[in-house]
Amino acid sequence: MADHRPDRGTHGRYVRRLDVTRQSMLDTARRADELRQEYESRYADLRRALPRRHAAGACAVPACAVGAGSPAAGVLTR
């Protein structure tokens, strides 16, 4: 009857391959966590800046319209 157990060299190669795969997956998971944290930080910064940008834009549009003497200026000053 044939012995189906792998020899020690084959077994060692599989173990090393599993170690490399495990390390690669851990590195990928770590990088994914870093990217998620960076994304959440950037998103929070944008959410805080949005009201200021909106207010600045809302003030700039009428000022530009009045300054340019556009037909909208008459509507906005009535």
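Quantities reported herein were computed from a predicted structural model and do not represent experimental measurements.

Our next topic: the packing of aromatic side chains. Going through the model one piece at a time under the given rule, you end up with 1 aromatic pair. On the basis of an interplanar angle of 15° and a centroid distance of 6.1 Å, the ring pair of Tyr39 and Tyr43 is categorised as stacked. Of this pair, Tyr39 and Tyr43 both sit in helix H1 (residues 8–68), 4 residues apart, which is roughly one turn of the helix. Note on Tyr39: relative accessible area 56%, which makes it exposed.

Once that is clear, we can look at the pattern of salt bridges. By the definition in use, this model includes 7 salt bridges. Ionic pairing is found between Asp19 and Arg22, a salt bridge with its closest N-O pair at 2.8 Å. In this pair, Asp19 and Arg22 both sit in helix H1, 3 residues apart, roughly one turn of the helix. Between Glu40 and Arg36 there is a salt bridge whose closest N-O contact spans 3.3 Å. Of this pair, Glu40 and Arg36 both sit in helix H1, separated by 4 residues, roughly a single helical turn. Taken together, the shared-partner salt bridges in this structure form one network comprising Arg30, Arg31, Glu34 and Glu38.

Rules used throughout
- Residues numbered from 1 in each chain as written.
- Predicted model: local features only at pLDDT ≥ 70, side-chain atom pairs only at ≥ 80, totals over all residues.
- Heavy atoms only, no water.
- Phe/Tyr/Trp six-rings, centres within 6.5 Å; stacked < 30°, edge-to-face > 60°.
- Helix = DSSP H or I, 4+ residues; strand = E, 2+ residues; numbered from the N terminus.
- Buried < 20%, exposed > 50% of the residue type's maximum accessible area, 1.4 Å probe, protein only.
- Salt bridge = Lys/Arg side-chain N within 4 Å of Asp/Glu carboxyl O.

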